[in-house]
Structures are given as C-alpha cells and as structure tokens.
Amino acid sequence: MENIIEVKQLKKSFGKLQVLKEVNCSFGQGGIVGILGPNASGKTTLIKSILGMVIPDAGEVYFGGKPVARSFDYKKQIGYMPQIGRYPDNMKIGELFKMMKDLRNVHDNLDTDLISAYGLDAMYDKAMRTLSGGTRQKVSAALACLFNPKVLILDEPTAGLDPLAAEILKDKIHAEKAKGKLILITSHILTEVDELADDIMYLFEGNIKFHKPLSALKAEAGEQKLGKALTKILTQNV
Amino acid sequence: MFKIAKYIALDIIKSKVVMAYTLLLMAICISVFLTDADVTKGLVSITTIMLIIVPLVSVVYATTYYFNAAEFTELLVSQPISRKNILLGKYIGISSSILSAFLIGVGVPVLLFAFGSTGIILILTGSLLTLCFISLAFLASVAMRDKAKGIGLALMIWFYCSIIFDGLVLVFLYALSDYPLEKVLIAITAFNPIDLARILVLLQLDIAALMGYTGALFQDFFGSGFGIVFSFGLLMVWFVVPLIISLRVFRKKDL
Ligand SMILES: Nc1ncnc2c1ncn2[C@@H]1O[C@H](COP(=O)(O)OP(=O)(O)OP(=O)(O)O)[C@@H](O)[C@H]1O
Ligand SMILES: [Mg+2]
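With an unreviewed UniProt entry as reference, chain B is termed Nitrous oxide reductase, source organism Pelobium manganitolerans.

(A) Region of the structure containing the sheet that holds strand S5 (residues 66-67) of chain A. Residue and element names in this part refer to chain A. Across the sheet, 4 strands lie side by side as S2-S1-S4-S5; this open sheet has antiparallel pairing. What marks the edges here is a single partner per strand, and that holds for strand S2 (17-27) and S5. Direction of pairing for strand S1 (residues 5-14) relative to strand S4 (residues 58-63): antiparallel, over a ladder of 5 bridges. Following the sheet pairing, glutamate 6 is matched in S4 by tyrosine 62. The sheet contacts of helix H1 (residues 43-50) involve S1, S2 and S4, and relative to S1 the element is tilted by about 120 degrees.

(B) Structural view of the side chain of Arg104(A). In this structure, Arg104(A) sits in helix H2 (residues 93-104). No salt bridge is formed by the buried Arg104(A), whose closest oppositely charged neighbour, Asp73(A), lies at an N-O distance of 9.3 Å. Not counting chain neighbours up to four residues away, the residues in contact with Arg104(A) comprise Lys75(A), Lys76(A), Ile78(A), Phe147(A), Gln79(B) and Pro80(B).

(C) Geometry of the site of ligand 1. Around ligand 1, a shell composed of 15 residues is seen, among which Lys43(A), Thr44(A), Thr45(A), Gln83(A) and His188(A) lie nearest. More than one chain reaches ligand 1: the nearby residues come from chains A and B. Between ligand 1 and the protein, one listed contact pairs an oxygen atom with a backbone N or O atom of Ala40(A) at 2.9 Å. A distance of 2.8 Å separates an oxygen atom of ligand 1 from a polar atom in the side chain of His188(A). Here ligand 1 has 640 Å² of accessible area as a free molecule, and 68% of this is covered by the chains. Looking at the shell around ligand 1, the elements with two or more residues in it are S2 and H1 of chain A. For the shell around ligand 1, the element with the most residues is H1(A), which contributes 3 residues. Tallied by class, residues from the shell around ligand 1 come to 5 nonpolar, 7 polar and 3 charged.

(D) Representation of the UniProt feature "transmembrane region" (unreviewed entry) in chain B within the structure. Mapped onto the present numbering, the UniProt feature "transmembrane region" (unreviewed entry) falls at residues 12-34, 46-67, 88-114, 120-143, 155-176, 196-218 and 225-245 of chain B. Helix makes up 96% of residues 12-34 of chain B and strand 0%. Its end C-alpha atoms lie 31 Å apart.

(E) Quick look at the coordination of the magnesium ion (ligand 2). Residues and elements named next belong to chain A. Here the magnesium ion (ligand 2) is held by the protein donor atoms Thr44 (OG1) and Gln83 (OE1), which lie 1.9 to 2.2 Å from it. Within this pair, whereas threonine 44 is found in helix H1, its partner glutamine 83 is found in the loop between strand S6 (78-81) and H2, the two being separated by 39 residues in sequence. Classification of glutamine 83 by relative accessible area gives partly exposed; the value is 32%.

(F) Summary view of the environment of Gly30(A). Take Gly30(A): it is sitting in the loop between S2 and strand S3 (31-36). By relative accessible area, Gly30(A) is classed as partly exposed at 37%.

(G) Structural view of the environment of Thr130(B). With respect to the helices, strands and loops of the structure, Thr130(B) is situated in helix H6 (residues 117-143). Apart from the residues within four sequence positions on either side, Thr130(B) is in contact with Val54(B), Ser58(B), Ile98(B), Leu99(B) and Phe102(B).

(H) Examining a nonpolar patch on the surface more closely. Residue and element names in this part refer to chain B. A surface patch of nonpolar side chains, amounting to about 570 Å² of accessible area, comprises Ile30, Leu34, Ile104, Val108, Leu112 and Phe113. Those elements that provide at least two residues to the nonpolar patch are helix H2 (16-35) and helix H5 (83-113). Ranked by residues supplied to the nonpolar patch, first place goes to H5 with 4 residues. Of the residues examined, leucine 112 reaches a relative accessible area of 68% and is grouped as exposed.

Reading the values: rules and limits
- Per-chain numbering applies: the sequence of each chain, read as written, is numbered from 1 onward.
- The order in which chains are written sets their letters, starting at A; the order in which ligands are written sets their numbers, starting at 1.
- A pLDDT threshold of at least 70 governs which residues receive local features in this predicted model, and a stricter bar of 80 or more applies before side-chain atom pairs are shown or counted, although totals over entire chains, interfaces and linings include all residues.
- Values shown for side chains rest on all heavy atoms present in the structure; no hydrogens or waters enter the calculation.
- Note: two strands are recorded as paired if DSSP finds a minimum of 2 bridges between them.
- Here a strand is any run of E in DSSP of at least two residues, a helix any run of H or I of at least four, and the numbering for each starts at the N terminus.
- Every residue pair with non-hydrogen atoms within 4.5 Å of one another is taken to be in contact.
- Orientation is described by axes fitted as lines to C-alpha atoms, over the contacting stretch for helices, and by angles from 0 to 180 degrees between their N-to-C directions.
- The buried label goes to any residue with under 20% of its type's maximum accessible area, the exposed label to any with over 50%, and the partly exposed label to all in between, with areas taken from a 1.4 Å probe on protein chains only.
- The positive count covers Lys and Arg only, the negative count covers Asp and Glu only, and His and the chain ends enter neither.
- Take a side-chain nitrogen of Lys or Arg and a carboxyl oxygen of Asp or Glu: if they are within 4 Å of each other, that pair is a salt bridge.
- If even one non-hydrogen atom of a residue comes within 4 Å of a molecule or strand, that residue is called near it.
- Here a polar contact is recorded for every N or O atom pair within 3.5 Å, except that within protein the pair must consist of a potential hydrogen donor and a potential acceptor, and residues adjacent in sequence are included only if both atoms are side-chain atoms.
- Accessible areas in this description were obtained via Shrake-Rupley with a 1.4 Å probe; residue shielding takes into account the shown protein chains only.
- Here the nonpolar group is Ala, Val, Leu, Ile, Met, Phe, Trp, Tyr, Cys and Pro; Asp, Glu, Lys and Arg are the charged ones; every other residue, Gly included, is treated as polar.
- UniProt positions are given in the numbering used here, feature names are shortened, and annotations may be inferred rather than shown by experiment.
- Any N, O or S atom lying within 2.8 Å of the metal counts as a donor, with the limit raised to 3.2 Å for Na, K and Ca; because water is left out of the atom set, some sites can appear incomplete.
- Here, patches come from residues exposed beyond 30% relative accessible area and free of salt bridges, joined within 9 Å for like charges and within 5 Å for nonpolar side chains (Val, Leu, Ile, Met, Phe, Trp, Tyr).

Below, the structure written as structure tokens:
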C-alpha cells in the first residue's frame, strides 16, 4: 500500500535548539499511529511541519506523493486538532463553525457527530473567550472531524477532557479508523494509546527511536501492556 | 482572500477603537473649518494634524490588531488557504476599516467645507499615507515574534518618520552647509513617507515655499505638477514594497 504521508530527512531548529534532527518516517493509508515521546521531543513540531505551519530548515514532507512545501490544497484532506486550540476571542461557537464552512466553501457531506455528541449546538451563542479549556478542546475535536478528512492529526486530543468526553472521542476515533482513515495521535496517556494505536512511533530528542506495530513492540518486550513494554525497551536501550 | 477580509472587517467594526478614531478625525476637521474662515488655512491646519495622527493610529492599531488576531492566523494556516491569501486578506480587512474611518472622518468634512482639487489631493494623500503605515505595521508584525516587540517597532517607525527624520535632516544640512545639497536633500525626502505626503499637499496648495526647506526645493526642482506625480509615485512605493516584503517573510514564518 502506498504511503499517504512521507517525511524525508526533516530538520528543524528554533534558534540554537535542534528540535528535529533528520527525521524520516512514513504513514500508510489507514490505521492509528500513536506518536510518543517525552515533553519537548518534537512531536508537535513534526505535526506542524506536516501541516505546513512550521517551515522545515531541510528535508521534505510529501502528502499523497506530492511535496507540501508552498502548497495548501492537500490540507483539505487533513483534520487537525491542535494541542492548544486558539480561536478568535470575540467569535461565538456557531459563528466559528459557520465561518470555517464558508472559508472552505464546503456545506455538504459534513460530519457533525461530535457537535451533537458534545452538545455544542446548544452552546452556539457562547463566545470562544468564555469557554473552559475542555470545551475548547471539544470544539477543536469537532472542527477536526467536520469536513470528513482522509487523515486526522490529533495533538494530545484527550488532555483536558473529562472522562466521559474522552470516551466519546475515543469511540469516534475507532469509528473513523473503521472507515479506513489514517489517524495520527500524540498522547502521554499510555493506556489510551494502548487501546487505540496500531503502530507506535517513539520520538526522542528529535530522533525517531522506533516506529513499529504495537503488537511487535509488546512481543519484543514480552509484556501485555504498552506502559510496561515501553519502560522495558527504553531502559534496555540506555 | 476577500472572505478573510470580510471576517476581519466585521470584527473590527464591532470594536470601539475605529469608531473613536472616526469621531476624533471628524471633530478635528469640523472644528477647524468652523473656526477658520479661510479655507486654505483650514486645509493647512488639517494637513498638519493629519500628518501626525493618521500614521500613528494606522501603524499602532494595525500592529496591535495583527497580534491580537494571532489565533485566527494560526487557525487559517492549518486550513487549505495559501499564506499569501491569508496575509492579503488580513491586510484588506484591516486597511479597509481604517481607511473607511479616515474617509468618513476627514473625507466627508473636507468635501463639504472645502470641495476642490486641493481637498481631493488631501484626501488621496491621507488615504495613501494610511495604506503606507499599515504596510509598515505588517512588516513590523511579521518581523517580530511577540506583541510587545512588534508594537515597539511600530512606534519606532512612527517616531522615526515624524520626529527623528527632521532632526537628522537638520543635522545633515548643518554639518554639510558648505556644499550644494539640494538634489541630495530631495533624494533624502524619499526616505520618509510623512515628508512625501506633506510635500504632496503643500505643492498642490502652491505654498510649499512657505513650509520648510525641502518643500521649497521640490517646487524649484520639479515645478508643482511633476513634483506631485513624483511624490505620489514614491508614496505608492512605500505602500507596496513593505507589503511585498511582509508577504515574503510571512511565507517562511513558523506558527
Ligand atoms: N515556535 C517556536 N519557537 C521556539 N521554540 C519552539 C517553538 N515551537 C517549539 N519550540 C521548542 O521546540 C521544542 C519541541 O517542542 P514540541 O512542541 O515539538 O514538543 P512536544 O514533543 O510536542 O512536547 P509536549 O509533549 O510537551 O507537547 C521545545 O523545546 C520547544 O520549546
Ligand atoms: Mg506537543
């Protein structure tokens, strides 16, 4: 199967800090990939490079075989949920959704599952500035799914969500996977990644330590749980 | 691009700042015309005030708004919209609001009280000056990462154009008073959009000679007609070039 996203020799520094050091990776047409790694290992930076929000110093990202540099049409096929969703303060929830549809000029075939599951439609008149962090996350999640994208990129999607809301999101992620979508998730909650992911990619100080199926990882460590397996493999390597 | 501009303009109209700016300009113009019987003198007074307020408000407001809307920009960049259209959309949204404020606040009173070619030149010059300083505001905004530095730079630009520049010219003249400097001085004027705007209005009024050294030089050197075209062209450069540079910088900016 052809890879939908390919990252080749990607390098990125912020000032003197080398955040990504020659990252090479690729993601196939479907399935859930859990991107793990300690804080500041470059997960968000990698995701933002794929989305063209961070411009790499060297290397190239390909989406559907085409380089993403200086292009933007490919973003139609990506739903992105940022780690920290930031929205225009004065805008109301309803206005935000309306504006996104207007800007994209897409009004049909919308996926409003999360809007109704989270009861966001009942809060359409609330201004974004007055929302709690978790509600903002719900808006981000609903927005990421709204246009039925082929690829979902979720940066710590459940951080800040209450358990019930997190459960709803996980069900949604499973449902999207069943439709054959590719879903990239970063998370620090290993039990959650354990439930969701097919593959694990581990980033450490700007390098990919490994990228393999979850089952292979567990077999290698001889452990049933991702948390234990990860600890074992990472301590062995030191 | 125009959709983005529409959302930004709608957002700005809701805020009170642009409304206050409109009313301030209007109050100044009307009181000048009501107290001064001589229309030409009235236009000179308005020009003097306009050359201070218009650049200051344009550059500071546009920079502040740019940074306050950083979230919106971030959201847009993750969407299938080109960076060029995002920045131009922002530019059109912000400049159309500030420009409308100017046209209502200064344009309407001037046309009512002092309809004529001078009034029209004044309105055109003020509009162009507004656009120049919004372009400069964009340049300051894309060049800086955080709001405080961006606004600081915007203020520096204004400070340079309206105060420091004149001082530098004087020092320059004084230091080199033994040489024939007229042509050099004309070239130097091109480096300050506010000076260009001043000369543009005063040449039209045919009283440039009364208003400082560079004005007199311009009139001598070009005659009024060509001088107007020349300074108009240079103001256009001040409007377009910073905007083009901002687009280039923004294309490579991390969000
Ligand atoms: N725009 C930026 N300017 C300067 N430094 C940045 C910028 N964005 C990220 N960094 C730095 O890059 C490093 C990697 O950040 P990144 O957000 O990619 O980490 P992460 O793996 O997502 O971490 P976390 O688990 O905390 O979300 C950090 O040290 C961060 O301070
Ligand atoms: Mg992160």
